[in-house]
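# Structural characterization, general
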Amino acid sequence: DTMLGGHLSLAGEWRPSRTWYVTASRGYKAGGFNIGAFVPDDRREFEPEYLWNLETGLRHASADGTLSGELAVFYMWRESQQVATSFQLDPGDPLSYVFFTDNAARGRNSGIEASVAWRPHEAVTLGATLGLLHSEYLDYRYGDRDLDGREQAHAPGYQYSLSAEWNAGRGWMVRADVTGSDDFYFDASHDQKSQPYALVNLKAGYAADRWAVYAWARNAFDERFA
């Protein structure tokens, strides 16, 4: 396969503290072949995937460094989209279950990504991020399943994070983060979905000039998630 990609960008300054950009790009993911004795011959090879992306955004940073943020909007065209999927050749034999990479006909993704960081006090920093995503398969059939218009696998409709950090300036710090995600499909071969979740991460410690020690907890409230 001969694969060509590249990008064209235009950027400028709106105000002294604000910049903007517009980007058009074409990327690719190489094709290949599936390994496994049970993979059917017509599924042995998969084609390269191509992606056209159009994106525009703004960036802001205040002169005193107390407030900064970014906003980006994008639209993607995916051709011969590669999807990880699976099937069972013999309904009565679980050992004949096969995972493989297939090509969907086409896919479309669009969304918004935003982030902001605010320092209301010299010792306190607050932050937030938000991602909104719309995804769908176009003209994709998997066996007797018509997936045209269905959300793509592992493509949650939203993701977000919130953070707060206290830094005393003498080496002591405390930080808390909350991260969340919408539900999403696991695969193209079935309709099982995850559940939305939110996780809490904590961190505290002390940093000297040549050493540091921290205590941390990820998923501090033991939330179950997929």
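Here we summarise the structure given alongside this text. Source: prediction; values computed, not measured.

In this structure, strand β6 (residues 67-79) lies alongside strand β9 (residues 106-121), joined through 13 bridges in antiparallel fashion. When the bridges of β9 are listed, Met76 appears paired with Asn109. Across 14 bridges, the pairing between β9 and strand β10 (residues 124-138) is antiparallel. Among the inter-strand pairings, Ala117 is bridged to a residue of β10, identified as Gly127. Counted along the chain from β9 to the antiparallel partner β10, the turn is 2 residues long.

Sheet architecture is open: 10 strands sit in the order β1-β2-β5-β6-β9-β10-β13-β14-β15-β16, paired in antiparallel fashion. Of all strands in the sheet, those bounded by a partner on one side alone are β1 (6-15) and β16 (212-217). For this sheet the average axis-to-axis angle between neighbouring strands, irrespective of direction, equals 10°. Pairing analysis gives 6 bridges linking strand β15 (residues 197-207) to β16, with the strands arranged antiparallel. Note on β16: the bridge partner recorded for Tyr206 is Val213.

Bringing the nonpolar core into the picture now. In this structure, Val39, Val83, Phe87, Val98, Phe100, Ala104, Tyr137, Tyr140, Tyr142, Leu147 and Ala188 together form the largest nonpolar core, which totals 11 residues. Where this core is concerned, the elements lending two or more residues are β7 (82-88) and β8 (97-103). Tyr142 has contacts with Thr85, Ser86, Phe87, Phe100, Asp102, Leu147, Ala188 and Ser189, leaving out every residue within four places of it along the chain.

The rules we used
Residues numbered from 1 in each chain as written. Predicted model: local features only at pLDDT ≥ 70, side-chain atom pairs only at ≥ 80, totals over all residues. Heavy atoms only, no water. Pairing = 2+ DSSP bridges. Helix = DSSP H or I, 4+ residues; strand = E, 2+ residues; numbered from the N terminus. Axes fitted to C-alpha atoms, helices over the stretch in contact; angles between N-to-C directions. Core = buried A, V, L, I, M, F, W, Y, C linked by side-chain atoms within 4.5 Å. Buried < 20%, exposed > 50% of the residue type's maximum accessible area, 1.4 Å probe, protein only. Contact = heavy atoms within 4.5 Å.

The quantities given are spatial measurements derived from coordinates; they are silent on function.
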